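Listed here are the chains, written in short residue letters.
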Amino acid sequence: MSTLTWIIVASLLGGILSLLCAAVLAFNMRMSWLSILVSYAIGALLGAAFLNTLPEAFELSENPMQVTVTVLIGILIFFILEKLVLWRHCHIEDCEAHDPLHGSAVVATTTTIQHEHDHGRSGMMVIVGDTFHNFVDGILIAAAFMVDVQLGIVTSIAIIAHEIPQEAGDFIILLNSGYTRRMAFLMNLLSSLATLVGGVLAYFMLYKMNFLIQPLLGLASASMIYVAMSDLIPSLHKRPEINATIQQVALILLGISTIWLIGNIFPHD
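Small disclaimer: the values here were computed from a predicted structure and weren't measured.

Before going further, it helps to spend a moment on the environment of G43. Relative to the helices and strands, G43 resides in helix α2 (residues 31-60). Taking the relative accessible area as the measure of exposure, G43 reaches 0% and is therefore buried. Considered as a pair, G43 and S257 are 214 residues apart in the sequence and their alpha carbons are 8.0 Å apart. Setting aside chain neighbours within four positions, we find G43 in contact with I252, G255 and I256.

On to the packing of helix α1 (residues 3-28) against helix α7 (residues 181-208). It is the contact of α1 with α7, at a shortest axis distance of 9 Å, that shows an interaxial angle of 160°. Considering their axes alone, α1 and α7 lie roughly antiparallel with respect to each other. Considering the relative orientation of α1 and α7, their crossing is right-handed. The residues of α7 that touch α1, namely those facing T3, L4, I7, I8, S11, L12, G15, L19, L20, A23 and F27, are R181, F185, N188, L189, S192, L193, T195, L196, G199, V200, Y203 and F204. When its residues are assigned to classes, the contact of α1 with α7 shows 15 nonpolar, seven polar and one charged.

It is worth spelling out the side chain of S18 at this point. By the element assignment, S18 lies in helix α1. Polar side-chain contacts of S18 include one of 3.1 Å to the backbone oxygen of G15. Beyond its immediate sequence surroundings of up to four residues, S18 is in contact with I160, E163, I164 and E167.

For the structure on display, the rule yields three aromatic pairs. Aromatic side chains W6 and F145 sit 5.8 Å apart centroid to centroid with 20° between the ring planes, which places their arrangement in the stacked category. In this pair, W6 is assigned in helix α1 and F145 in helix α5 (residues 121-145), connecting sequence segments 139 residues apart. Residue class for W6 comes out partly exposed when judged on its relative accessible area of 22%. Between Y203 and Y207, the ring centres sit 5.9 Å apart and the planes meet at 35°, which makes this aromatic pair tilted. Here Y207 and Y203 lie together in helix α7, a separation of four residues that amounts to about one turn.

Another aspect to go through is the confidence of the model for the chain. Across the chain, the average pLDDT comes to 78, with 80% of residues at 70 or higher. Here residues 87-120 is a poorly scored stretch, pLDDT under 50, and it has 62 contacts once near neighbours within four places are set aside; other chains count.

Our focus in this paragraph is the environment of F145. Residue F145 is classed as buried on the basis of its relative accessible area, which comes to 3%. The spacing of F145 and L4 is 141 residues in sequence and 8.4 Å in space, taken between C-alpha atoms. Setting aside residues no more than four positions away along its own chain, F145 makes contact with T3, W6, I7, A10, G152, I153 and S156.

Our next topic: the nonpolar core. Ranked by size, the top nonpolar core spans 51 residues in total, and within it I42, L45, A48, F145, L206, M224 and L232 carry the most contacts. Breaking this core down by element, the ones donating at least two residues are α1, α2, α3 (64-83), α5, α6 (149-176), α7, α8 (213-236) and α9 (242-265). Top element by residues in this core is α8. It accounts for 13 residues. Residues within four places of L45 in sequence aside, it is in contact with A158, H162, M224, V227, A228 and L232. Counting residues in hydrophobic clusters, the runner-up holds 16 residues, among them L25, I164, I172 and L175.

Criteria and cut-off values
Residue positions are counted from 1 within each chain, in the order its sequence is given. Selection of residues for local features in this predicted model requires a pLDDT of at least 70, selection of side-chain atom pairs for listing and counting requires 80 or more, and totals for whole chains, interfaces and linings are taken over all residues. Each side-chain value is worked out from all heavy atoms of the structure, with water and hydrogens disregarded. What counts as a helix is a DSSP run of H or I of at least four residues, what counts as a strand is a run of E of at least two, and both are numbered from the N terminus. Buried residues are those whose accessible area, probed at 1.4 Å on protein chains only, stays under 20% of the maximum for their type, while exposed residues exceed 50% and partly exposed ones sit between those limits. Contact between two residues is taken to exist if any of their heavy atoms lie within 4.5 Å; hydrogens are not considered. Geometry is summarised by axes, namely lines fitted to C-alpha atoms with helices restricted to the contacting stretch, and by angles between N-to-C directions that run from 0 to 180 degrees. Any angle from 65 to 115 degrees is called roughly perpendicular, while one under 35 is roughly parallel, one over 145 is roughly antiparallel, and all others are oblique. Here is the rule for handedness: rotate from the far helix to the near one, and if that takes an anticlockwise turn smaller than a right angle the crossing is left-handed, while a clockwise turn gives right-handed. For this scheme, ten residues count as nonpolar: Ala, Val, Leu, Ile, Met, Phe, Trp, Tyr, Cys and Pro. Four count as charged, namely Asp, Glu, Lys and Arg, and the remainder, Gly too, count as polar. Any N or O atom pair separated by 3.5 Å or less is treated as a polar contact, with the protein-specific requirement of one donor-capable and one acceptor-capable atom, and with residues adjacent in sequence counted only for side-chain atom pairs. Two aromatic rings, drawn from Phe, Tyr or Trp (for Trp, its six-membered ring), form a pair once their centres lie within 6.5 Å of each other, and the interplanar angle then sorts them: stacked below 30 degrees, edge-to-face above 60, tilted otherwise. Note on scores: pLDDT gives the predictor's confidence for each residue, bounded by 0 and 100. To define a nonpolar core, start from buried Ala, Val, Leu, Ile, Met, Phe, Trp, Tyr and Cys residues and group those joined through side-chain atoms within 4.5 Å.

Here is the structure:
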């Protein structure tokens, strides 16, 4: 397949798969599954960042300092975006409702505490933030595929892995905001199309400005590291018992191993 075809397929398939899995988790309240996915997603994100995108960025750069500075700036940018309600779209002082491991309580109370609904304002903020996030993911997927197919596949898998618990949390917030299940699904579906838009636009932009690929790989690494360390790992600390810790470490290692294995199955172009 051509590079553009890979980008389109990865963007569409990734968005649909993550959306369907998130809907099953959120609507059936299988929070034990969500906890497992969070740990696995951490491993996939860290594996993709440190085993694939960062090494590729270093290969494309004549000055390694440029890559490390890009990653540093990227982490700062994502921190600022989070503060501006664009990354994790947190809009209240207590963001526990956004925690995918503790969101079941939100779903459980939506039918009994109807007066707490905000007539869709929180849900709309979630969709705006998620659309932006998905658009950025599409750009990162395109940048990875334009280096080679293997890197694109690995990056897409890492992005899908972390999108599932995030989108499940989005579903929970939308339901708590008063949306029906059907409307919550449709809104998330439309939001996921931003990945395709971002990927296609980035392809045509990078086709003529390929000097941007290396910094985008650095930003992709920063994105995956930031999401894993800032968004996902803190939720695991809420289960400090030894059995849970062993399970979490095992699943993180499984996520890393998956990325390593895929990297070996699909050789570089």
